[in-house]
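One letter stands for each residue in the lines below.
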Amino acid sequence: MLVIGGGPGGYTAALYAARAGLDTIVLEKLSAGGQMALTEQIDNYPGFENGIDGFSLGEKMRKGTERFGVETRLVEVLSLDLSGEIKKAETSEGPVYGRTVVLSTGANPRELGVTGEKELIGKGVAYCAACDGMFYKDKTVVLVGGGNSAAAEALILARVCKKVILVHRRDTLRATKIYHEPLMKTENVEFRWNSAVVELLHDDKVTGVRLRDVQTGAESEITCDGVFVSIGRKPATELVAGQLELDESGYVVANETTETNIPGVYAVGDVRTKLVRQVVTAVADGAAAVHMAEEYLAGGAT
Ligand code: NAP
């Protein structure tokens, strides 16, 4: 079994597969844990009474699979050929073959789509508070978004930055209630509701943003040292475009069996169509994928 991506879904699939006696290789380009590895504190994965940081949890998941003989190769997958009985992953260190494939490539931050955004990454534009927040110690930052990630990121940034200005296109947070009170009570967090960032102001670094009021159309400017973008994620499906069926948002079409339109290929975690994208739901997918793969290899269900 080839597992593409070493997040919680991928490592759970690897654990179940190895325990079921399948030769299993995890192909991961960076480090174990996926998006989870960038999360400072995880309190909603059961079994850790004080919570745990995502990097450590990823390492624990990787080590847990090694006990059963899973090999993790730190390589980049360049292309995938999922046709035929033997599937092929072309990697930065040569081809790897498998009879079954678990796609657990997760999702990446969604971009604002304003001019200059890409060029200003690392020069004031950032997508991860836990990773880059310290660069903005005692500075003023704008945080764009209103979901759970944005709320969590705002709290992280508020601890290091002088001021955090949360810009959201609605008049209230989309984030779950648990975040509302702590955020509203944090003195150095301000809110700009009904607002969209339409321009990044900059010299060689970000100096501010231009906002548009989505109701009145009025424009205004905010001076800031950085802009953190936290407006959701886009699934990492480039490797399978044209092979696996995707929905209109780019997620691999698969239900809780994790089966895709190609027999022997399973999509787990954030990369597939699903209701709740969490660590616990990704790990559940990993178990389901191996159940289906075993049936497939035994010549049963596809
Ligand atoms: P999300 O829940 O989809 O929220 C995205 C936010 O960004 C929404 O408020 C959305 O505005 C806004 N947005 C989207 N596109 C935008 C654009 N082009 N310009 C400006 N704003 C834009 O995404 P998320 O917060 O990254 O969370 C992803 C998943 O992980 C969710 O299922 C979430 O529950 C989960 N998660 C859970 C936790 C937790 O349980 N503690 C923590 C982090 C993430 P609208 O509201 O107007 O659509």
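Residues numbered from 1 in each chain as written. Predicted model: local features only at pLDDT ≥ 70, side-chain atom pairs only at ≥ 80, totals over all residues. Heavy atoms only, no water.

Every one of the 14 residues lining the ligand counts as a neighbour, but Asn-148, Ser-149, Arg-169, Arg-170 and Arg-174 are closest to it. Within the side chain of Arg-174, one N or O atom sits 2.7 Å away from an oxygen atom of the ligand. Coverage of the ligand by the protein chains reaches 70% of its 910 Å² of free accessible surface. Residue composition of the shell around the ligand, by class: two nonpolar, eight polar and four charged. Mapping the shell around the ligand onto the domain boundaries places at least three of its residues in each of domain 1 (2–108 + 233–298) and domain 2 (111–229). (Near = heavy atom within 4 Å. Polar contact = N/O pair within 3.5 Å; in protein donor to acceptor, adjacent residues only side chain to side chain. Areas by Shrake-Rupley, 256 points an atom, 1.4 Å probe, with all protein chains shown as cover. Nonpolar A, V, L, I, M, F, W, Y, C, P; charged D, E, K, R; others polar. Domains from an automatic or database assignment.)

Positionally, Asn-148 belongs in helix H4 (residues 148–160). Under the relative-accessibility criterion, Asn-148 is labelled partly exposed at 34%. Through-space distance from the C-alpha of Asn-148 to that of Ala-241 is 28 Å; in sequence the pair is 93 residues apart. Beyond its immediate chain neighbours, meaning those up to four positions away, Asn-148 contacts Ala-175, Thr-176 and Tyr-179. (Helix = DSSP H or I, 4+ residues; strand = E, 2+ residues; numbered from the N terminus. Buried < 20%, exposed > 50% of the residue type's maximum accessible area, 1.4 Å probe, protein only. Contact = heavy atoms within 4.5 Å.)

Here the focus is the state of the cysteines. Between two cysteines, a covalent bond joining their sulfur atoms is known as a disulfide. Applying the stated criterion across every chain yields a total of zero disulfides. There is no disulfide at Cys-161, and the cysteine sulfur nearest it, in Cys-224, is 11 Å away. Given the relative accessible area of 2%, Cys-224 is considered buried. (Disulfide = S-S within 2.5 Å.)

Now for the sheet that holds strand E14 (residues 206–213). On the basis of which strands lie adjacent, the open sheet formed by three strands has the order E13-E14-E15 and antiparallel pairing. Edge strands, defined here as strands with exactly one partner in the open sheet, are strand E13 (195–202) and strand E15 (219–223). Taking each pair of neighbouring strands and ignoring which way they run, the sheet shows an average axis angle of 25°. (Pairing = 2+ DSSP bridges. Axes fitted to C-alpha atoms, helices over the stretch in contact; angles between N-to-C directions.)

Spatial relationships are all this shows, so hold off on functional conclusions.
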